[in-house]
Amino acid sequence: VYQLTADGLIQWYGAHLAAAVHYQGSDPGAAGDVSHAYGYYLHAGYLVWPEHLEIVARYTALDPDVQGIDDHGRQVDAGLSFFLLGHGARMSILYSYLYRLPGREPGETFRDGHALRVTAQGWF
C-alpha cells in the first residue's frame, strides 16, 4: 500500500482558500487486485463581519475504488459560521448536496441526497 497526500492554505484579509488531495494505491500481488483510491477538496471562506460571521463553500470528491466499480461521489457545501468570544467558540450551519451516492433500492444504481448540519465548536 502506498499513499500520497498534499494540502495547502492561503489566507488574505479575511478570505481563505484551503485544498487537499489524497491518493492511495495498493497491489496485493495479482494484476487484477490493483486498486487506486483518491479524494480531494477545495474549501473557501470569507469573513463578512470580521470578528463574527463567515460565509463558507466547499467541494469534495471521493473515489474509493471498491472492487473496481464506478463508486465515486461528489459533495457541494455552503454555509455560515458565527464566532463567539473572539474566535474561541463557533456555531455553524451547513447545507450539503451529495450526488452519485450508492442506491438504496434494488436496481437503483445512484441517487442524490441532501444534508443540513448544525455544529458547535469551542476552544479552551
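Everything quoted here is computed from the prediction, not taken from an experiment.

Engineer: Outline the packing of aromatic side chains, listing residues and values.
Structural biologist: Applying the stated criterion to the full structure yields six aromatic pairs. Taking 5.6 Å as the distance between ring centres and 25° as the angle between the ring planes, the aromatic pair formed by Y97 and Y99 counts as stacked. Y99 sits in the partly exposed class, given a relative accessible area of 23%. By the ring-pair criterion, three or more aromatic residues cluster together here, those being Y38, Y40 and Y59. Lying across the ring of Y41, R58 places its NZ or CZ 4.0 Å from the centre.

Engineer: Help me get a handle on the pairing of strand 2 (residues 15-26), residues and values and all.
Structural biologist: Here strand 1 (residues 2-12) pairs with strand 2 via 11 bridges, running antiparallel. Residue W12 lies in a different strand from strand 2, and its bridge partner there is A15. Linking strand 1 to strand 2, which pair antiparallel, is a turn of two residues; within it Y13 sits at a positive phi near 45°. Relative to strand 3 (residues 35-49), strand 2 runs antiparallel, the two being bridged by 12 bridges. The residue bridging V21 from the neighbouring strand is Y40, located in strand 3.

Engineer: So what's going on with the side chain of R74? Residues and values would help.
Structural biologist: Tracing the backbone through its elements, the reader meets R74 in strand 5 (residues 73-84). D63 provides the closest opposite charge to the buried, unpaired R74, separated from it by 6.5 Å. Among the polar contacts made by the side chain of R74, one reaches the side chain of Y59 at a distance of 3.4 Å. Ignoring any residue separated from it by four or fewer positions in sequence, one finds R74 in contact with Y38, Y59, T60, A61, L62, Y97, L98 and Y99.

Engineer: Could you give an account of the side chain of S96, with specific residues and numbers?
Structural biologist: As for its position among the elements, S96 is in strand 6 (residues 89-102). In terms of polar contacts, S96 uses its side chain to reach the side chain of Q75, at 3.5 Å. Aside from chain neighbours lying at most four places away, what touches S96 is Q75, V76, D77, G113, H114, A115 and R117.

Rules used in this analysis
- Residues numbered from 1 in each chain as written.
- Predicted model: local features only at pLDDT ≥ 70, side-chain atom pairs only at ≥ 80, totals over all residues.
- Heavy atoms only, no water.
- Phe/Tyr/Trp six-rings, centres within 6.5 Å; stacked < 30°, edge-to-face > 60°.
- Buried < 20%, exposed > 50% of the residue type's maximum accessible area, 1.4 Å probe, protein only.
- Lys NZ or Arg CZ within 6 Å of the ring centre and 35° of its normal.
- Pairing = 2+ DSSP bridges.
- Helix = DSSP H or I, 4+ residues; strand = E, 2+ residues; numbered from the N terminus.
- Lys, Arg positive; Asp, Glu negative; His and termini not counted.
- Salt bridge = Lys/Arg side-chain N within 4 Å of Asp/Glu carboxyl O.
- Polar contact = N/O pair within 3.5 Å; in protein donor to acceptor, adjacent residues only side chain to side chain.
- Contact = heavy atoms within 4.5 Å.

This is a description of form; function is not addressed.
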